[in-house]
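# Understanding the architecture of this molecule
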Amino acid sequence: MHLVLLTLLLATICNPLYSSEISEEIRESHKRVLVLDSHLDTPIRLAMPGFDITERHEHPADQSQVDLPRMLEGGLDGGFWVIYTSQGELTETAYAAVKKSAFRTGNLIRKMVSDHPNEFSLALSADDAKRIADNGKISVYMSIENAYPIGTDLSVLDQFYAIGVRMLGLVHVKNNQFADSSTDPLGPRWNGLSPLGRQLVQKANDLGMIIDASHAHDLALEQMISLSRTPILLSHSGCKSVFDHPRNVGDELLLKLKNQGGVIQLNSLGAYLKTIEIPEGRKAIYKTILRDRALGEINNQPMLYKDFVHRFNAMYKRFPKEMASLDHYLAHFEHGLDLMGSKAVGVGADWDGGGGVAEMNDVSKIPYITKFLSDKGYDEKDINDIWSGNLLRLLRQAEFNKLK
Ligand SMILES: [Zn+2]
């Protein structure tokens, strides 16, 4: 047999979920669907001079996965643009510093929209996404990953709401003042939510924000499910029974989430999809780059994008990056959809925050997900639910439940 044919045949047998062929029909259908991703970490890049969201980048050459040209190519109509804060000390001084930095990121997101009014539009309510897409623009919803910058004064959340934030992720990789993290090496401190965390859940309900439990410890997720008046979202998480990692959620809890009306948006970050050993040397370099980036921001001397790229590329040259495959990622859709159905699953691939798999390493390639869903037998209406309907339903419910 011809070698190419043999390779193709083997690829088909070995890759039952992923197919590199996307028909015109699927591409057209993908264009008709409203496509949103619930976790875009791109704002980290907006802070670095030299990064231009309207320019086409390449991954991995310049470490970028989201920009306007590739969003248009991949039919991504927008999503939640994240105000991310890494976890630091729980002191009033630290709260004041990170609050400043979080609002700076919020302003950068708003500036991206005001600098490019024909391309982007700020989205504040569930109905905005379709209207914005019909106008040929990209939706920019804002979300918080890690409520740490709120400090102990919950009225700061009103200020975040005022600048446009509509989703609140309580915690990141370490426990904070509100909740336990799924990955804190010290284990849980609060056995779920702290007393202040419980108040924060209610405050987010009162404001009409989606509550995001990605990164939260299982106990915290469970408590959010029972406390919140609005169903909980996992904005970028995975299924533990597909790959056992603390960042992924087990079937029993996923069913509780589903029964409350909640949704899991599936994450494509490699280390949550398969066992990837990261050498200590790389971890150390990675930490230094992130520390220098954060310090530069605090000292008003932000790291230049070209320096960021240069340092990342040098790190990966020394310690090559191992990627998961699209099959690893799609296995979470396969399981999540079988377990929870098409009304409780969506997409939050963690672009520009560590997401991306070998065959789908930037947003231009997301029609692969639509192709998989179509092959699995879902019609365009189901696929629309998965790509945006479920996420927007939660926002609509949050709006409905807000304190009138
Ligand atoms: Zn995250």
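Note that the structure is predicted; figures quoted are calculated from it, not measured. (Residues numbered from 1 in each chain as written. Predicted model: local features only at pLDDT ≥ 70, side-chain atom pairs only at ≥ 80, totals over all residues. Heavy atoms only, no water.)

### Some remarks on the overall build of the protein chain
To keep things clear, this is the line we draw: Working definition: helices are DSSP H or I runs of at least four residues, strands are E runs of at least two. Numbering for both runs from the N terminus. Here the globule rule is a power law, 2.2 Å times the number of residues to the power 0.38, and the radius of gyration is based on C-alpha atoms. Think of it in three bands: residues with accessible area under 20% of the maximum for their type are buried, residues over 50% are exposed, and the middle band is partly exposed, with areas taken using a 1.4 Å probe on protein chains only. Pairs of residues are marked as contacts when any of their non-hydrogen atoms sit within 4.5 Å. Positive charges are assigned to Lys and Arg, negative charges to Asp and Glu, while His and the chain termini are left out of the count. Lys charges are placed at NZ, Arg charges at CZ, Asp charges at CG and Glu charges at CD.
Helices and strands together make up the secondary structure of the protein chain, namely 15 helices and 10 strands. A compact globule built from 404 residues would reach a C-alpha radius of gyration of about 22 Å, and the protein chain, at 20 Å, matches this within 12%. C-alpha atoms of the protein chain, sized along the principal axes, occupy 70 × 45 × 45 Å. Taking all 404 residues of the protein chain together, 56% fall into the buried category. Long-range pairs, those at least 24 residues apart, make up 73% of the contacts in the protein chain between residues at least 6 apart in sequence. Averaging the positions of the 44 positive and the 51 negative side-chain charges in the protein chain gives two centres separated by 4 Å.

### Regarding the coordination of the zinc ion
Here is the rule we go by: Donors, by definition, are the N, O and S atoms found within 2.8 Å of a metal, the threshold being 3.2 Å for Na, K and Ca, and water is not counted, so a site can look incomplete.
Taken together, Glu145 (OE), His215 (NE2) and His236 (NE2) make up the full set of protein donors to the zinc ion, lying 2.1 to 2.2 Å away. For the zinc ion, the donor residues sit on a single chain with the sequence spacing E-x69-H-x20-H. Placement of Glu145 in strand 4 (residues 138-145) and of His215 in the loop between strand 6 (210-212) and helix 9 (218-227) is noted, with a sequence separation of 70 residues between them. Both residues of the pair, Glu145 and His215, count as buried.

### A word on the confidence of the model for the protein chain
If pLDDT is low for a region, its predicted coordinates should not be looked at in detail. Quick note on the threshold: Across the chain, each position has a pLDDT score giving the predictor's confidence in that residue, from 0 to 100.
Averaged over all residues, the pLDDT of the protein chain equals 94, while 95% of them reach at least 70. Below a pLDDT of 50 lies the segment residues 7-16, which in the model reaches four contacts outside its immediate sequence neighbourhood of four places, other chains included.

### Quick notes on the pairing of strand 4
A regular strand places its side chains on the two faces of the sheet in alternate fashion. Stated precisely, the cut-off is as follows: Any two strands are treated as partners once DSSP identifies two or more bridges connecting them. Whether a crossover is right-handed depends on one test, that the path from the first strand over the helix to the second runs clockwise when the strands point away from the viewer.
Within strand 4, eight of the eight residues are buried, leaving the element largely enclosed by the surrounding structure. Looking at chain direction, strand 2 (residues 78-84) and strand 4 are connected through seven bridges and run parallel. In the sheet register, Gly79 faces strand 4, and the bridge partner there is Val140. Bridging between strand 3 (residues 120-122) and strand 4 involves three bridges; their strand directions are parallel. Among the inter-strand pairings, Leu122 is bridged to a residue of strand 4, identified as Val140. Read as a crossover between parallel neighbours, the route from strand 4 over helix 7 (residues 156-163) to strand 5 (residues 165-169) is right-handed.

### Some thoughts on the packing of aromatic side chains
The test is simple: Any two of the Phe, Tyr and Trp rings considered here, Trp counted by its six-membered ring, make a pair once their centres fall within 6.5 Å; the pair's planes then place it as stacked at under 30 degrees, edge-to-face at over 60, or tilted in between. Only when the NZ of Lys or the CZ of Arg is both within 6 Å of the ring centre and within 35 degrees of the ring normal is a charge said to sit over the ring.
The final tally for this structure, using the stated rule, is 11 aromatic pairs. Look at Phe312 and Tyr316: their rings are 5.9 Å apart centre to centre, the planes differ by 45°, and that puts the pair in the tilted class. Residue Phe312 and its partner Tyr316 are located together in helix 12 (residues 305-318), separated by four residues, close to a single helical turn. Judged by centre distance (6.5 Å) and plane angle (65°), the rings of Phe333 and Phe372 are edge-to-face. Here the residue Phe333 occupies a position in helix 13 (residues 326-340), and Phe372 occupies one in helix 14 (residues 367-375), the gap between them amounting to 39 residues. On the basis of relative accessible area, Phe333 is assigned to the buried category, the value being 0%. Under the relative-accessibility criterion, Phe372 is labelled buried at 4%. Pairwise contacts between aromatic rings join Phe51, Tyr286, Tyr305, Phe308, Phe312 and Tyr316 into one cluster. Against the face of Tyr161 rests Arg166, its NZ or CZ located 3.6 Å from the ring centre. Cation over ring: Lys404 sits above Phe400, and NZ or CZ is 5.3 Å from the ring centre.

### Some remarks on helix 12
The test is simple: One less than the residue count of a helix, multiplied by 1.5 Å, gives the span that helix is expected to have. What the arc covers is the set of directions going from the helix axis to the C-beta atoms.
With 14 residues, helix 12 ought to run about 20 Å at 1.5 Å a step, and its terminal C-alpha atoms sit 20 Å apart, in line with that. Where helix 12 is concerned, the buried positions are Tyr305, Phe308, Val309, Phe312, Met315 and Tyr316. With its buried residues spanning 130° around the axis, helix 12 presents them on a single face. Opposite the buried face of helix 12, at more than 90 degrees from it, the exposed residues are Lys306, His310, Lys317 and Arg318.

### Quick notes on the side chain of Asn146
Heads up, the rule is: What qualifies as a polar contact is a pair of N or O atoms within 3.5 Å, subject to a donor-acceptor requirement within protein and to the restriction that residues adjacent in sequence count only when both atoms come from side chains.
Considering the arrangement of structural elements, one finds Asn146 in the loop between strand 4 and helix 7. A relative accessible area of 0% means that Asn146 is categorised as buried. Polar side-chain contacts of Asn146 include one of 2.9 Å to the backbone oxygen of Thr85. Other than its neighbours up to four places away in sequence, Asn146 contacts Thr85, Ser86, Gln87, Gly169, Leu170, Val171, His172 and Asn176.

### A closer look at the domain arrangement of the protein chain
As a reminder, the rule being used: What marks off one domain from the next here is an automatic or database domain assignment. Buried area is calculated as the accessible area (1.4 Å probe) missing from two parts once they are joined, with the contributions of both summed.
The domain architecture assigned to the protein chain consists of domain 1 (24-276 + 325-401) and domain 2 (279-321). In this structure, domain 1 and domain 2 have C-alpha centres spaced 24 Å apart. Between domain 1 and domain 2, the contact holds 16 residues from the first and 13 residues from the second. When the two sides are added together, the surface that domain 1 and domain 2 hide from each other amounts to roughly 1300 Å², 56% of it contributed by carbon and sulfur.

### Digging into the environment of His310
Relative to the helices and strands, His310 is located in helix 12. Separated by 201 residues in sequence, His310 and Ile109 place their C-alpha atoms 24 Å apart.

### A closer look at the packing of helix 14 against helix 15 (residues 380-401)
Under the convention used in this document: What counts as an axis is a line fitted to C-alpha atoms, over the stretch in contact for a helix, and the angles between N-to-C directions run from 0 to 180 degrees. For classification, angles of less than 35 degrees are called roughly parallel, those exceeding 145 degrees roughly antiparallel, those between 65 and 115 degrees roughly perpendicular, and all remaining angles oblique. Less than a right angle of anticlockwise turn of the near helix away from the far helix marks a crossing as left-handed, whereas a clockwise turn marks it as right-handed.
The interhelical angle for the contact between helix 14 and helix 15, taken along N-to-C directions, is 140°, at an axis separation of 10 Å. The orientation of helix 14 with respect to helix 15, classified from their angle, is oblique. Like other packed secondary-structure pairs, helix 14 and helix 15 cross with a definite hand, here right-handed. On the side of helix 14, the interface is formed by Ile369, Thr370, Leu373 and Ser374, while helix 15 contributes Ile383, Ile386 and Trp387.

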